[in-house]
There are 2 protein chains.
Amino acid sequence: MDALRCLPGVGPKTAQRMAFQLLARHRDNARRLSYVLHEAMEKINHCQRCRLFSETDLCKICASTHRDAALLCIVENPIDVMAIEQTASFKGFYFVLMGHLSPLDGIGPEHLGIPQLQEQLKQNTIQEIILATNPTVEGEATAHYISELVKPYKIKTSRIAHGVPLGGELEYIDSSTLARALIGREVL
Amino acid sequence: MDALRCLPGVGPKTAQRMAFQLLARHRDNARRLSYVLHEAMEKINHCQRCRLFSETDLCKICASTHRDAALLCIVENPIDVMAIEQTASFKGFYFVLMGHLSPLDGIGPEHLGIPQLQEQLKQNTIQEIILATNPTVEGEATAHYISELVKPYKIKTSRIAHGVPLGGELEYIDSSTLARALIGREVL
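What comes next concerns the included structure. (Residues numbered from 1 in each chain as written. Chains lettered and ligands numbered in written order. Predicted model: local features only at pLDDT ≥ 70, side-chain atom pairs only at ≥ 80, totals over all residues. Heavy atoms only, no water.)

Examining the interface of chain A and chain B
Often the size quoted for an interface is simply the accessible area lost on bringing the parts together. Taken residue by residue, the interface counts 46 residues in chain A and 46 residues in chain B. Surface buried jointly by chain A and chain B totals about 4300 Å² across both partners, of which 65% is contributed by carbon and sulfur atoms. For the pair chain A and chain B, the interface holds two salt bridges. Here Glu 128 of chain B and Arg 185 of chain A are joined by a salt bridge, their closest N and O atoms 2.6 Å apart. The tally of links from chain A across to chain B stands at 18 residue pairs in polar contact (both at pLDDT 80 or more). Looking at which element gives the most residues to the side of chain A that touches chain B, the answer is helix α7 (residues 175-183) of chain A, with eight residues. For the side of chain A that touches chain B, a count of residues per class yields 21 nonpolar, 16 polar and nine charged. (Contact = heavy atoms within 4.5 Å. Buried area = accessible area lost by both parts, 1.4 Å probe. Salt bridge = Lys/Arg side-chain N within 4 Å of Asp/Glu carboxyl O. Polar contact = N/O pair within 3.5 Å; in protein donor to acceptor, adjacent residues only side chain to side chain. Helix = DSSP H or I, 4+ residues; strand = E, 2+ residues; numbered from the N terminus. Nonpolar A, V, L, I, M, F, W, Y, C, P; charged D, E, K, R; others polar.)

A few points about the pattern of salt bridges
Residues and elements named next belong to chain B. Going through the model one piece at a time under the given rule, you end up with 16 salt bridges over all chains. The shortest N-O distance in the salt bridge between Arg 67 and Glu 85 comes to 2.6 Å. With Arg 67 in the loop between α3 (60-63) and β3 (68-75) and Glu 85 in helix α4 (residues 78-87), this residue pair connects regions lying 18 residues apart in the sequence. Residue Glu 85 is classed as partly exposed on the basis of its relative accessible area of 28%. Close ionic contact of Glu 128 with Lys 156 constitutes a salt bridge, the shortest N to O distance being 3.8 Å. Taken together, the residues span a long stretch of sequence, with Glu 128 in strand β5 (residues 128-131) and Lys 156 in strand β6 (residues 156-159) at a distance of 28 residues. Given the relative accessible area of 8%, Glu 128 is considered buried. Owing to a relative accessible area of 41%, Lys 156 belongs among the partly exposed residues under this scheme. (Buried < 20%, exposed > 50% of the residue type's maximum accessible area, 1.4 Å probe, protein only.)

Notes on the relation of the copies chain A and chain B
Superposition record for chain A on chain B: RMSD 0.1 Å, screw rotation 180°, translation along axis 0.0 Å. In the structure described here, the two chain copies are related by an operation that fits a two-fold rotation axis. If distances are taken from each C-alpha of chain A to the rotation axis, the shortest is found for Gly 163 of chain A, at 2.1 Å. With an isologous cut-off of 70% or more, the 100% of interface residues of chain A that recur at the interface of chain B puts this contact in the isologous class. (Least-squares fit on C-alpha atoms with pLDDT ≥ 70 in both.)

Thoughts on a nonpolar patch on the surface
A cluster of nonpolar residues, Met 1, Phe 20 and Leu 23 of chain A, forms a patch on the protein surface that exposes about 330 Å² of accessible area. Counting through the fold element by element, Leu 23 of chain A comes out in helix α1 (residues 12-25). (Patch = residues over 30% accessible without salt bridge, like charges linked within 9 Å, V, L, I, M, F, W, Y side chains within 5 Å. Areas by Shrake-Rupley, 256 points an atom, 1.4 Å probe, with all protein chains shown as cover.)

What about the sheet that holds β3 of chain B?
With mixed pairing, five strands are arranged side by side in an open sheet as β7(A)-β6(B)-β5(B)-β3(B)-β4(B). Here the strands that pair on one side only, and so sit at the sheet edges, are β7 (186-187) of chain A together with β4 (92-96) of chain B. Where β3 of chain B lies against β4 of chain B, five bridges are found, and the strand directions are parallel. Across the sheet, the residue bridging to Cys 73 of chain B is Tyr 94 of chain B, located in β4 of chain B. Strands β3 and β4 of chain B of the sheet are contacted by α4 of chain B, whose axis makes an angle of about 155° with β4 of chain B. (Pairing = 2+ DSSP bridges. Axes fitted to C-alpha atoms, helices over the stretch in contact; angles between N-to-C directions.)

Points about the packing of helix α5 (residues 114-122) of chain B against helix α6 (residues 137-150) of chain B
Between two packed helices, the angle of one axis relative to the other and the distance separating the axes together describe the packing. Residue and element names in this part refer to chain B. Two elements in contact, α5 and α6, have axes whose closest approach is 11 Å; the angle formed by their N-to-C orientations is 40°. Considered as vectors, α5 and α6 are oriented oblique to each other. Here α5 runs over α6; the crossing is right-handed. Contact residues: α5 offers Ile 114, Leu 117, Gln 118 and Leu 121, while α6 offers Tyr 145, Ile 146, Leu 149 and Val 150. (Parallel < 35°, antiparallel > 145°, perpendicular 65-115°, else oblique. Left-handed = near helix turned anticlockwise from the far one by under 90°.)

Below is the structure:
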């Protein structure tokens, strides 16, 4: 029970229910879970180029030859890569920070792989960096930090657009998003 | 009960409960509601300039002398004006379409006050039209229609920004919004 509580969203009650259910009815499934967890923890590491989770030195995206090396999209988490891949509208490479700058928690640039990123910048293949960190205060701060960092390399930097989400109605959109959508209006 | 069902979200059961409650306990409140409804229906009309609801010929916003006549923001509904006013980031005038183009429902430009809008365009005071219709298919179509209409007048037209709402996380944002945020990225 105690070990199960490391899973996100699992409290003491749920852990108890899980433990008894596995013991009573799903022993084979539990053995499989044990094996899979062990294998995953041993085999899955970070891609050496983009820091995405990968079993190989280079992840599938970084190893692909059909991608545009001129575009680099910087995101906070591996799950954001999934989200962007699902849009099927980006054909460049990624760089995963594995978090955002958070000085209070002791998370500085070195924890976000910034030195690795700088190595890539020096290679002179990147023509545009797209900052796709979350539209939160921490995400904005991290995007700002990286944009300052990139300046000396004379690479174009851009930030994903902020504004009203598609399909919504203005009356249900929060004031700050609406204000940003007005300020960032696009000339037709 | 039957009359109460004209209220949005009120079905037969709710109407029944409302009717009995008013009769049993809230007769004075019901009389007041009756009076207020009658007065409102008689007195409140549309502002002659922006078509917002107003008791006077010109609504408070249109009558104000502190607003910028060079900016005109076009919205679908009066409630959108409230939403934008709450952001405190827009100081121009409004024009309320009272709906969107919907040929299947027989709603054409003449129902949206387009002739009135054209009168205002001819007055030569407007320098920018901000299209703040909803980010829905119908809202986009209406915005496109108006932008085409404005072209001959050589007035700058803009559309509120589409993109990720503030404070969210990429992983919870729908694919189409995320795709739009990538396409519409702003160069820093």
